[in-house]
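# Residue-level structural notes
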Amino acid sequence: PGFQAVTRAANPALVEAKIRALRKLGARRVPTCEAPVIFDPVVAPSLIRQLSGCLSGYSVYRGASYLASCMGERIAAPGVTISDDGRRVGGLGSRPFDGEGLPTRRNVLVDGGRLRSWILDTYAARKLGLASTGSAVRGGGATTTNLWLEPGTLSPETIVTSTRRGLYVTELIGQGFNPVTGDYSRGASGLWIENGEIAFPVEEITIAGNLGTMLKEIDAIGSDLLWLGSAAAPTLRISRMTIAGS
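What comes next concerns the included structure. (Residues numbered from 1 in each chain as written. Predicted model: local features only at pLDDT ≥ 70, side-chain atom pairs only at ≥ 80, totals over all residues. Heavy atoms only, no water.)

## Description of the environment of Arg116
Looking at where Arg116 falls in the secondary structure, it is placed in the loop between β4 (114-115) and α5 (122-128). Taking the relative accessible area as the measure of exposure, Arg116 reaches 45% and is therefore partly exposed. Along the sequence, Arg116 and Met71 sit 45 residues apart, while their C-alpha atoms lie 6.3 Å from each other. When neighbours within four sequence positions are excluded, Arg116 is seen to be in contact with Met71, Gly72, Val108, Leu109 and Asp111. (Helix = DSSP H or I, 4+ residues; strand = E, 2+ residues; numbered from the N terminus. Buried < 20%, exposed > 50% of the residue type's maximum accessible area, 1.4 Å probe, protein only. Contact = heavy atoms within 4.5 Å.)

## Description of the pattern of salt bridges
For the coordinates displayed, the defined rule picks out four salt bridges. Across the pair Arg240 and Glu34 runs a salt bridge whose closest N-O atoms are separated by 3.8 Å. Residue Arg240 is found in strand β11 (residues 236-244), and its partner Glu34 is found in strand β1 (residues 33-39); the two are separated by 206 residues along the sequence. Between Arg106 and Glu150 there is a salt bridge, with the nearest N and O atoms lying 3.0 Å from each other. You can see Arg106 sitting in strand β3 (residues 106-111) and its partner Glu150 sitting in the loop between β5 (147-149) and α6 (156-161), a full 44 residues away along the chain. Under the relative-accessibility criterion, Arg106 is labelled partly exposed at 43%. (Salt bridge = Lys/Arg side-chain N within 4 Å of Asp/Glu carboxyl O.)

## Brief notes about the side chain of Asp98
Within the secondary structure, Asp98 sits in the loop between β2 (82-85) and β3. The side chain of Asp98 sits in the buried core without any salt bridge; Arg95 is the nearest counter-charge, 6.1 Å away. Here the side chain of Asp98 touches Ala136 through a polar contact of 3.2 Å, landing on its backbone nitrogen. Setting aside residues no more than four positions away along its own chain, Asp98 makes contact with Thr104, Ser132, Gly134, Ser135 and Ala136. (Lys, Arg positive; Asp, Glu negative; His and termini not counted. Polar contact = N/O pair within 3.5 Å; in protein donor to acceptor, adjacent residues only side chain to side chain.)

## A word on the sheet that holds β5
Spatial ordering of the open sheet is given by β4-β3-β2-β5-β10, a layout of five strands whose pairing is mixed. The open sheet has two edge strands, β4 and β10 (231-232), and neither has a second partner. Two strands pair when backbone bridges link them, and β3 and β4 are joined in this way by two bridges, in the antiparallel orientation. Considered in β4, the bridge of Val110 is made with Leu115. Across the sheet, helix α3 (residues 45-54) touches β2, β3, β5 and β10, and the angle it forms with β5 is around 120 degrees. (Pairing = 2+ DSSP bridges. Axes fitted to C-alpha atoms, helices over the stretch in contact; angles between N-to-C directions.)

## Quick word on the packing of aromatic side chains
For the structure shown, the criterion picks out four aromatic pairs. Here the aromatic rings of Tyr61 and Tyr123 are separated by 6.2 Å at their centres, their planes lie at 70 degrees, and the arrangement is edge-to-face. Of this pair, Tyr61 sits in helix α4 (residues 57-61) while Tyr123 is found in helix α5, placing the two residues 62 residues apart along the sequence. For Tyr61, a relative accessible area of 25% gives the class partly exposed. Taken together through their ring pairs, the aromatic side chains of Tyr58, Tyr61 and Tyr123 make up a single cluster. The residue whose ring lies beneath Arg88 is Trp227, and the NZ or CZ to ring-centre distance is 4.0 Å. (Phe/Tyr/Trp six-rings, centres within 6.5 Å; stacked < 30°, edge-to-face > 60°. Lys NZ or Arg CZ within 6 Å of the ring centre and 35° of its normal.)

## Regarding the side chain of Asn146
Take Asn146: it is sitting in the loop between α5 and β5. A distance of 2.8 Å separates the side chain of Asn146 from the side chain of Ser94, its partner in a polar contact. Leave out the neighbours within four places in its chain, and Asn146 touches Ser83, Asp84, Asp85, Gly86, Arg88, Gly91, Leu92, Gly93, Ser94, Trp227 and Ser230.

## A closer look at unusual backbone geometry
In this structure, Asn195 is a non-glycine residue whose phi angle is positive, near 55 degrees. In this structure, Glu204 takes a positive phi of about 55 degrees despite not being glycine.

Below you can see the structure in the form of structure tokens.
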């Protein structure tokens, strides 16, 4: 026991990887249905990365984003605030200046569910009659730096126990997202929830919806913001998605 305690303390990432691997044993498919879907903090950042692509000024002025005409409108649940900050201390994406030499800054992209800013370099900004957001990259284009969704107050355990029946996603497969329409479909695996408890592992399923609808139907946001890269999001629950299984 003493050795195991030391090992856990010395290699928390390794221990977590083993736990995630072991809990997949005996995974099965579930019947096709509609149910709440919970994204754990490892996979949840993929949602805001896909959203950020739709907020690129280049996508907007070319009409290649489903959000091109939505500035100032509510595009997500009221509790959703998403920011990008090139000055975040210790951030993997932090930098004092962007690729055009302009100072980076914090840009609030979505504030209380409302769209507030695009991601712009000077070229895209000029096309849209706006100013650069300090997001340029060398060679042209704009991108995020340290992107995150503000955490809520709920523990992930509370989110699970308040879900009568649904899917807890721990892994996503493929890149099934259309930024022009917002249509979303990806392979997934994770854990099935029954009566607020983890029932069994699931695999070989697909979750589908529309990103615009998904963001508006986020009904629970966890307090467990986890930085594993240059984008982070806490545990999120979407009230309803299509789960395609057996």
